[in-house]
Amino acid sequence: MILVASGRVDQRMCARMEESIRVNTMADSAGKNEAQPRASIIIPVHNEESFLAGAVTGLRAELQEAGIAYELLLCENGSTDRTRDLALGLAGNEPRTRVLTTDAPDYGGAMKMGVLAARAPYVIVFDIDYYSVEFLQKALTLLDDYDVVLASKLAPGTQDNRGISRKVITRGFSVSLKALFGMKVRDTHGIKAFRRIPIEPIVLQSRMSKDLFDTEVVLRAERAGLRIKEIPIVIEEKRLARSNILKRIPRTVLGLLKLRYFFLTEKPRGVAKS
């Protein structure tokens, strides 16, 4: 199945998309309905022509070996290379893989699109170069008792094999979130898992885009009283960073100040739990 959105994914479009997607069923190559997947795995992808096929093939093999009932949502957003065509090709012979596309190069918009398209009771967010089936297995167990499970780069027991500069920036970002928002969790970026029903209204409520979207979702989940669990993870970079993280700092600072303004002018809202 392919979903195409033009430009930014707004709340009204997401609501319509959610309504239409719920009635869809997965079909195998023989045309028979598959069992409901337990996990919807969302991967935003942008300009991943050289990396996509190998990563998806590797992830599928690990999921097959683990015996997890899943669906894979490749959320292509605004690519200027052959990423969209490659994603469609990867989904063409695999009924558990769907491609969602938007013209806007927006990680947050792609993540939102994926969450609202998910069919499974549990939603897992991976990056194409940062995923862990071991985390997925642990999260599926923990989500019986929690609404959000985070693979925290700052949790005790985490093995972080990144360079020193990236570690320092991660800690600085965490300190900033604690100072500005009183955040209790240590880390908001990276791999995460949700119970779909309580996280959907928070995703729709979230207003930031790009790389601050997932931070806003986690902060709103905390403010709404959802049960959050952080667990350690082994962090292995599968490739060098594609963007200069230092150049993102001014944009991130302005974004955090904007988000703080949103929170100061809003009243916390509870969400339905299931």
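For the structure itself, look to the data block above.
Cut-offs applied
Residues numbered from 1 in each chain as written. Predicted model: local features only at pLDDT ≥ 70, side-chain atom pairs only at ≥ 80, totals over all residues. Heavy atoms only, no water. Helix = DSSP H or I, 4+ residues; strand = E, 2+ residues; numbered from the N terminus. Buried < 20%, exposed > 50% of the residue type's maximum accessible area, 1.4 Å probe, protein only. Phe/Tyr/Trp six-rings, centres within 6.5 Å; stacked < 30°, edge-to-face > 60°. Lys NZ or Arg CZ within 6 Å of the ring centre and 35° of its normal. Patch = residues over 30% accessible without salt bridge, like charges linked within 9 Å, V, L, I, M, F, W, Y side chains within 5 Å. Areas by Shrake-Rupley, 256 points an atom, 1.4 Å probe, with all protein chains shown as cover. Salt bridge = Lys/Arg side-chain N within 4 Å of Asp/Glu carboxyl O. Expected span 1.5 Å × (residues − 1). Arc of directions from axis to C-beta. Contact = heavy atoms within 4.5 Å.

Draft legend 1. Structural detail: unusual backbone geometry. Even without a glycine there, the phi angle at Asn47 is positive, about 50 degrees. The topology assignment puts Asn47 in the loop between β2 (39-45) and α2 (52-66). Note on Asn47: relative accessible area 24%, which makes it partly exposed. The phi dihedral of Lys210 falls on the positive side, at around 50 degrees, and the residue is not glycine. Secondary-structure assignment places Lys210 in the loop between α7 (196-205) and α8 (213-223).

Draft legend 2. Just the packing of aromatic side chains, in detail. This model, assessed by the stated rule, comprises three aromatic pairs. Each ring, one from Phe181 and one from Phe263, has its centre 5.5 Å from the other, and the planes form 75 degrees; the classification is edge-to-face. Within this pair, whereas Phe181 is found in helix α6 (residues 164-181), its partner Phe263 is found in helix α9 (residues 249-264), the two being separated by 82 residues in sequence. On the basis of relative accessible area, Phe181 is assigned to the buried category, the value being 18%. For the ring pair Tyr261 and Phe262, a centre distance of 6.4 Å and an interplane angle of 55 degrees mean the geometry is tilted. Residue class for Phe262 comes out buried when judged on its relative accessible area of 8%. Here the basic side chain of Arg207 rests over the ring of Phe262, its NZ or CZ set 3.7 Å away from the ring centre. In this structure, Arg223 packs its charged tip against the face of Phe263, placed 4.2 Å from the ring centre.

Draft legend 3. How the structure looks around a nonpolar patch on the surface. A contiguous nonpolar patch, built from Ile249, Val253, Leu254 and Leu257 and spanning about 360 Å² of accessible area, is present on the exposed surface. Its location among the elements puts Leu254 in helix α9. With a relative accessible area of 60%, Leu254 lands in the exposed category.

Draft legend 4. Fine view of α6. Taking 1.5 Å as the rise per residue, α6 with 18 residues should run 26 Å; its terminal C-alpha atoms sit 26 Å apart, in good agreement. Of the positions making up α6, those classed as buried are Thr170, Phe173, Ser174, Leu177 and Phe181. Buried residues along α6 cover an arc of 100 degrees about the axis, so they all sit on one side. Away from its buried face by more than 90 degrees, α6 exposes Ile164, Val168, Arg171, Val175 and Ala179. Considering only its buried residues, α6 is in contact with α8 and α9. Looking one or two residues past α6, Gly182 carries a phi angle of roughly 65 degrees, positive in sign.

The values reported here are purely geometric and, on their own, carry no functional implication.
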